[in-house]
Amino acid sequence: MAIAFLENPDERNDPPRPLLEHLLALRDMLIFGATAWAICAVVAGCCTPWVLEWLKSPAGDSGELLQGLDLTTGVSTIISIAGWGGTALAFPFIVYAILRFVFPALTNREKLVLMSILIAGTAFFLVGLGVAYSKTLPMVVVAFQKINEWCGIPSTIIRLEGYISIVLKTIIAFGLVFQLPLIIFVLGWFGVITSRGLREKRRIAIVMAFVLSMFLTPPDPMSQLFMAIPLCLLYEVSIWAVWLKEKGSFRR
């Protein structure tokens with residue numbers, strides 16, 4: 001695909017169309033995206049028992065203490081999982097609808113760049129999700145249990161709604177934060193920032209990484225470190241990526 005795009009990178013496959021046709025295409029895109037989300041939300045809601053077991057896994061032995069304390073716990077859990085799970089499942093279909101609407105107006109080069117950004121963004125999001133699920137969340141649960149023990153508060157029951165909220169917020173926060181190198185690289189690609197400027201602001205970036213992790217993670221040092229340290233490493237990767245882009249442009 002990349003070779004085919006680069007054979008004639010400035011070619012456009014869509015002739016000019018009247019405004020009404022663009023509006024109809026926009027309407028079809030919105031209907032397709034909304035329908036895909038609704039179907040995926042129903043599917044995710046029907047899979048609530050299995051999704052709930054997956055969300056409870058990072059709690060380890062503490063998962064046995066998770067209980068619903070309200071009569072509406074089951075309904076609220078289904079709604080939460082249907083909303084977030086439906087959005088995650090429908091994301092590829094929504095992206096497809098947007099690309100189907102936007103692609104005809106782009107050149108082959110722009111299509112290739114956009115597809116590369118989407119693939120890289122998805123990969124970074126999955127890496128962030130994996131770090132949060134496998135490393136951070138188990139440590140968060142243990143840290144909260146230790147704090148309760150130190151305060152002399154027995155944790156014989158853990159409210160299910162509060163636990164699910166922490167898990168979902170942590171996973172989403174890690175997935176979004178791991179988009180940092182992609183955002184920096186895109187800004188460097190368009191010349192908004194330079195590798196030299198990134199290096200000069202390294203200390204500020206490290207401080208901001210720890211401040212950001214303090215707000216986006218539960219209040220325990222280990223989870224904050226598990227977000228701040230990868231952020232600092234990703235910042236360094238971004239510097240090298242922008243530098244390589246600048247070097248390639250200079251050579252051309």
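Details of the structure are given in the entry above.
Within each chain, residues carry numbers counting from 1 in the order of the written sequence. The model is predicted, so local features are restricted to residues of pLDDT at least 70 and side-chain atom pairs to those at 80 or more, both for listing and for counting; the totals for chains, interfaces and linings are taken over all residues. Hydrogens and water molecules were not included; the side-chain quantities draw on all heavy atoms of the structure.

Colleague: Is there a simple way to think about the overall build of the chain in this case?
Modeller: Here a helix means four or more residues in a row that DSSP labels H or I, a strand means two or more in a row labelled E, and each is numbered from the N terminus. Within the chain one finds 10 helices and 2 strands. Written out in order from the N terminus, the α and β elements of the chain read α-α-α-β-α-α-β-α-α-α-α-α. Burial analysis of the chain (252 residues in total) assigns 32% to the buried set. For the chain, contacts bridging at least 24 residues in sequence account for 85% of all contacts bridging at least 6. Only protein chains enter the calculation, and the probe is 1.4 Å; a residue is then buried if its accessible area is under 20% of its type maximum, exposed if over 50%, and partly exposed in between. Throughout, a contact is declared for two residues whenever any of their heavy atoms are within 4.5 Å.

Colleague: Please clarify how the layout of surface pockets should be interpreted in this entry.
Modeller: One way to see where empty space is left: roll a probe the size of a water molecule over the atoms. As a volume, the largest pocket reaches approximately 930 Å³. Lining residues are defined by having an atom within 4 Å of a point belonging to a cavity or pocket. Those points lie on a 1 Å grid over the protein atoms alone, cavities being sets where a 1.4 Å probe fits but cannot get out and pockets being open sets with protein on both sides within 12 Å along at least five of seven lines. Forming the walls of the largest pocket are 29 residues, and the residues nearest its centre are W84, T87, A88, F125 and L129. Elements that contribute at least two residues to the lining of the largest pocket include exactly α2 (19-46), α3 (48-56), α4 (73-102), α5 (108-151) and α6 (160-177). At 11 residues, the largest contribution of residues to the lining of the largest pocket is made by α4. Split by residue class, the lining of the largest pocket holds 23 nonpolar, 6 polar and no charged. Grid points are joined across faces, edges and corners, and a volume is the space filled by probe spheres set on the points. The computed volume of the second largest pocket comes to approximately 300 Å³. Lining the second largest pocket are 17 residues, with F144, N148, I158, Y163 and I166 sitting closest to its centre. Those elements that provide at least two residues to the lining of the second largest pocket are α5, β2 (158-159) and α6. Each residue gets one label: Ala, Val, Leu, Ile, Met, Phe, Trp, Tyr, Cys and Pro are nonpolar, Asp, Glu, Lys and Arg are charged, and the others, such as Gly, are polar.

Colleague: What's the story with the packing of α4 against α6 in this structure? I'm lost.
Modeller: The packing of two helices is summarised by the inter-axis angle and the distance between the axes. Relative orientation of the contacting elements α4 and α6 amounts to 10°, with a least axis distance of 10 Å. Taken together, the axis directions place α4 and α6 in an arrangement best described as roughly parallel. Contact with α4, carried on its side by T73, S76, T77 and W84, involves L160, E161, I164, L168 and I172 of α6 and no other residues of that element. Taken together, the residues of the contact of α4 with α6 sort by class into 5 nonpolar, 3 polar and 1 charged. Helix axes are fitted only over the stretch in contact, all axes being lines through C-alpha atoms; the angle between N-to-C directions runs from 0 to 180 degrees. For this classification, under 35 degrees means roughly parallel, over 145 means roughly antiparallel, 65 to 115 means roughly perpendicular, and everything else is oblique.

Colleague: What exactly am I supposed to notice about the nonpolar core here?
Modeller: Within soluble globular proteins, side chains that are nonpolar tend to cluster in buried spots. Counting 25 residues, the largest nonpolar core has L55, Y163, I164, V167, I171, F174 and M227 as the members making the most contacts within it. Among the secondary structure elements, those contributing two or more residues to this core are α3, α5, α6 and α10 (221-251). Of the residues forming this core, the biggest block, 9 residues, is contributed by α6. Residues I184, L198, A205 and V242 belong to the second largest nonpolar core, which totals 6 residues. The definition of a nonpolar core used throughout is a set of buried Ala, Val, Leu, Ile, Met, Phe, Trp, Tyr and Cys residues joined through side-chain atoms within 4.5 Å.

Colleague: What is the right way to read helix α7 (residues 180-189) from this model?
Modeller: Each full turn of the α-helix corresponds to 3.6 residues, which orients residues three or four apart in the same direction. For α7, the full list of buried residues reads P181, L182, I184 and G188. Down the axis of α7, the buried set is contained in an arc of 165°. They therefore lie on one face. G191, located one to two residues past α7, shows a positive phi value of around 80°. Within this analysis, the arc is defined by the directions that extend from the helix axis to the C-beta atoms.

Colleague: Teacher, can you tell me more about a nonpolar patch on the surface here?
Modeller: Exposure above 30% relative accessible area and the absence of a salt bridge qualify a residue for a patch, where like charges join within 9 Å and nonpolar side chains (Val, Leu, Ile, Met, Phe, Trp, Tyr) within 5 Å. Reported accessibility uses the Shrake-Rupley method at a 1.4 Å probe radius. Residues are deemed covered only where the shown protein chains occlude them. By definition here, a salt bridge exists when the distance from a side-chain nitrogen of Lys or Arg to a carboxyl oxygen of Asp or Glu is within 4 Å. A cluster of nonpolar side chains, V113, I183, L187, W189, F190 and V192, forms an exposed patch at the surface whose accessible area comes to about 590 Å². With 3 residues, the top contributor of residues to the nonpolar patch is α7. As for its position among the elements, I183 is in helix α7.

Colleague: Any chance you could explain the environment of R196 here in plain terms?
Modeller: Mapped onto the secondary structure, R196 falls in helix α8 (residues 195-200). Of the residues examined, R196 reaches a relative accessible area of 59% and is grouped as exposed. Note: C-alpha distance between R196 and W243 (47 residues apart in sequence) is 8.2 Å.

Colleague: Looking at this model, I keep getting lost on the pattern of salt bridges. Mind explaining?
Modeller: Any two side chains of opposite charge can pair, so long as their charged atoms come close to each other. Tallied over the entire structure, the rule returns 5 salt bridges. The residue E200 makes a salt bridge to R196 at a minimum N-O spacing of 3.3 Å. Residue E200 and its partner R196 are both found in helix α8; the two are separated by 4 residues, about one turn of the helix. This pair shows no difference in class: E200 is exposed, exactly as R196 is. Its salt-bridge partner being E236, residue R202 comes within 2.5 Å of it at the nearest N-O pair. Here R202 is found in helix α9 (residues 202-216), whereas its partner E236 is found in helix α10, with 34 residues between them in sequence. Looking at E236, the relative accessible area reads 26%, which means it is partly exposed.

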